[in-house]
Amino acid sequence: MAFWSSTPALTPKVPRKILFMFILSLSVTYLFYSLMSCYTTLQFPLQENYLYQARLVTEESTFAALREKLYSATSSQGYFGENVESTTEQTQTADYAVSVAVIEDTGTLGTEERAMGWVKTQLAPTEMITGQTVVFEREQHQESSTTDDELNRRGNSTATPDYGEKKLPHAIIIGVKKGGTRALLEALRVHPDVRAVGVEPHFFDRNYEKGFAWYRDLMPSTLEGQITMEKTPSYFVTNEAPRRIHSMARDTKLIVVVRNPVTRAISDYTQTLSKKPEIPSFEVLAFKNRTLGLIDASWSALRIGIYALHLETWLQYFPLSQMLFVSGERLIIDPAGEMAKVQDFLGLKRIVTDKHFYFNKTKGFPCLKKPEDSSAPRCLGKSKGRTHPKIDPDVIHRLRKFYKPFNMMFYQMTGEDFQWEQEEIR
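Computed from a predicted structure; not experimentally measured.

(A) Region of interest: the overall build of the protein. Within the protein, the regular secondary structure consists of 18 helices and 13 strands. Within the protein, buried positions represent 51% of all 426 residues. In the protein, 77% of the contacts between residues at least 6 apart in sequence involve partners at least 24 apart. When the accessible area of the protein is evaluated, it comes to approximately 20,400 Å², of which 55% is carbon and sulfur surface.

Here it is, written out as structure tokens:
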């Protein structure tokens, strides 16, 4: 009794200390997990974070955040230089991580053959990605590069009659590389009211300083009622192109051929691999750290496929009503259907129809039927329809998760659902 009576004050104090320590430990634990959560969120582009970003796709702030992460990621990679033209070995090394664009098939039975067929876009010799005037210098002898001599020679030696007038283009196919732009252009040239230059002028990204007179001289002569067109797929990812085209003619109609960004990337890599077999594997170029799932968004083969990022710049100068987005997949499966949309968009009569196409089993994609003045049908060259290298399914799965939130944004911005996610499920 003496002991208990001599320590009455200790009884209430002991529980308070225990309670205080318990609350303190909970607070520290909560703070720790909160910091870990923030740290995970800041890791770009960890795959687990994309599902959360996809749920926020309708919020404008999400797009801005993703865009900032992309810019910050690419600015630290060393692929950007103050003076790219002055680089030598660095430029050649960067070419490995830059010279791939993308478009391909969905992997289902029969689709792979079709998709590899109409991979028409020629490789652009230069490509500007950031808001700065930074150019990725490409190898000089890629199959799609257009030299100045070639432009001058072909610009004045097309099968254009002497009569008519040379005009600046009314419509331009601005992208995307390896998306099917060559197939679309060749089909459009069948239309009697369309005159298009066959080579890629690269005026708004590479030759702008030569002036509009030089650009106009490249165009074929047209008669009243005909429209002038050109295609240069690298325009879509050239930051200065929207402003420059708008300064030429604000009512210019723009056509963008888009494909599943994952398959587009593999197709682009395949083309580069055919020219430079010593380049690293697709898996090596696609990841900064494969173990952590860190995708290298600064590699142009992957960056081009972030369509929403590039479209944002174009919408600052052109309304959606002046832009048409053509599905590269449907251009393979139903070329006449896509051509109907294009002709309507350009205000043309629907002259190019299903009677102009046939499916070439050897090549695995549609070709134009034999013109009246030709002894053979018009199919794309041997460089189209290359066999793609086998890519690790886990890499493809990671890339699909990477692109998903950006695809959702692109669907919302264009008002069209290209169903690339459903293709991947089939």
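Picking up where we left off.
(B) Structural view of the pattern of salt bridges. What the rule picks out here adds up to eleven salt bridges. In this structure, the salt-bridge partner of Arg398 is Asp394, at a minimum N-O distance of 2.9 Å. Residue Arg398 and its partner Asp394 are both found in helix α17 (residues 393-414); the two are separated by four residues, about one turn of the helix. A single network of salt bridges, built from pairs that share partners, joins Arg182, Glu186 and Arg189.

(C) Quick peek at the side chain of Glu421. When you line up the elements, Glu421 lands in helix α18 (residues 420-425). Buried charge without a salt bridge: Glu421, with Lys404 as the nearest opposite-charge side chain at an N-O distance of 6.8 Å. Polar contacts involving the side chain of Glu421 include one to the side chain of Asn407, which spans 3.1 Å. Residues contacting Glu421, with those up to four places away along its chain left out, are Lys404, Asn407, Met408 and Tyr411.

(D) Layout of the packing of aromatic side chains. Counting across every chain of the model gives 22 aromatic pairs. Centre to centre, the rings of Phe203 and Phe204 are 4.9 Å apart; their planes meet at 75 degrees, and the pair counts as edge-to-face. The class of Phe203 is buried, set by a relative accessible area of 0%. Where Phe203 meets Phe212, the ring centres are 5.4 Å apart and the plane angle is 55 degrees; that geometry is what we call tilted. Phe212 gets classed as partly exposed once you look at its relative accessible area, which sits at 27%.

(E) Region of interest: the pairing of strand β7 (residues 227-231). The element β7 is extensively covered by neighbouring structure, given that five of its five residues are classed as buried. Going residue by residue along β7, you find Ile227, Met229 and Lys231 tucked away on one face and Thr228 and Glu230 tucked away on the opposite face as well. In this sheet, β7 lies alongside strand β4 (residues 171-175) in parallel orientation, the contact comprising three bridges. Looking at the pairing, Ile173 lines up with Lys231 of β7. Of the pairings in the sheet, the one linking strand β5 (residues 194-196) to β7 comprises three bridges and is parallel in character.

(F) Spotlight on the nonpolar core. One finds Ile174, Ile245, Phe282, Trp314 and Phe410 to be the most contacted residues of the largest nonpolar core, which totals 57 residues. Among the elements that make up this core, the one with the highest residue count is α17 (nine residues). The next biggest cluster of nonpolar side chains, apart from the first, holds 25 residues, and it includes Ala183, Ile227, Phe345 and Val352.

(G) Helix α16 (residues 335-345), seen in detail. Counting buried residues along α16, eight of its eleven residues qualify, which places the element largely inside the surrounding structure. For α16, the complete set of buried residues consists of Pro335, Ala336, Glu338, Met339, Ala340, Val342, Gln343 and Phe345. Just downstream of α16 lies Gly347, where phi reads positive at about 75 degrees.

(H) Spatial organisation of a nonpolar patch on the surface. Taken together, Leu19, Phe22, Ile23 and Leu26 make up a surface patch of nonpolar side chains, about 400 Å² in accessible area. Of note, Phe22 is situated in helix α2 (residues 10-42).

(I) Representation of the sheet that holds strand β11 (residues 323-327). One open sheet accounts for five strands, arranged β5-β7-β4-β8-β11; its pairing is parallel. Because the sheet does not close on itself, it has two edges, and the strands there are β5 and β11. Strand-to-strand twist of the sheet, defined as the mean angle between neighbouring strand axes without regard to direction, takes the value 25 degrees.

(J) Summary view of unusual backbone geometry. Residue Gly175 is joined to Val176 through a cis peptide bond whose omega torsion reads -5 degrees. Here Lys178, not a glycine, exhibits a phi torsion of approximately 60 degrees, which is positive. For Lys178, the location among the structural elements is in the loop between β4 and α8 (181-188). Assessed through its relative accessible area of 1%, Lys178 is described here as buried. Although it is not a glycine, Gln419 adopts a positive phi angle of roughly 60 degrees. Tracing the chain through its elements places Gln419 in the loop between α17 and α18.

(K) Quick peek at the packing of helix α11 (residues 261-275) against α17. Axis separation between α11 and α17 bottoms out at 9 Å; the angle between their running directions is 125 degrees. Relative to α17, the element α11 lies oblique. Here α11 contributes Pro261, Val262 and Ile266 to the contact with α17, which in turn contributes Ile396, Leu399, Arg400, Tyr403 and Asn407. Among the residues making up the contact of α11 with α17, the classes are represented as six nonpolar, one polar and one charged.

(L) Seen up close, the pairing of strand β8 (residues 253-258). Among the six residues in β8, five count as buried, and that is most of the element. Direction of pairing for β8 relative to β11: parallel, over a ladder of five bridges. The residue bridging Val257 from the neighbouring strand is Val326, located in β11.

Criteria and cut-off values
Residues numbered from 1 in each chain as written. Predicted model: local features only at pLDDT ≥ 70, side-chain atom pairs only at ≥ 80, totals over all residues. Heavy atoms only, no water. Helix = DSSP H or I, 4+ residues; strand = E, 2+ residues; numbered from the N terminus. Buried < 20%, exposed > 50% of the residue type's maximum accessible area, 1.4 Å probe, protein only. Contact = heavy atoms within 4.5 Å. Areas by Shrake-Rupley, 256 points an atom, 1.4 Å probe, with all protein chains shown as cover. Salt bridge = Lys/Arg side-chain N within 4 Å of Asp/Glu carboxyl O. Lys, Arg positive; Asp, Glu negative; His and termini not counted. Polar contact = N/O pair within 3.5 Å; in protein donor to acceptor, adjacent residues only side chain to side chain. Phe/Tyr/Trp six-rings, centres within 6.5 Å; stacked < 30°, edge-to-face > 60°. Pairing = 2+ DSSP bridges. Core = buried A, V, L, I, M, F, W, Y, C linked by side-chain atoms within 4.5 Å. Patch = residues over 30% accessible without salt bridge, like charges linked within 9 Å, V, L, I, M, F, W, Y side chains within 5 Å. Axes fitted to C-alpha atoms, helices over the stretch in contact; angles between N-to-C directions. Parallel < 35°, antiparallel > 145°, perpendicular 65-115°, else oblique. Nonpolar A, V, L, I, M, F, W, Y, C, P; charged D, E, K, R; others polar.

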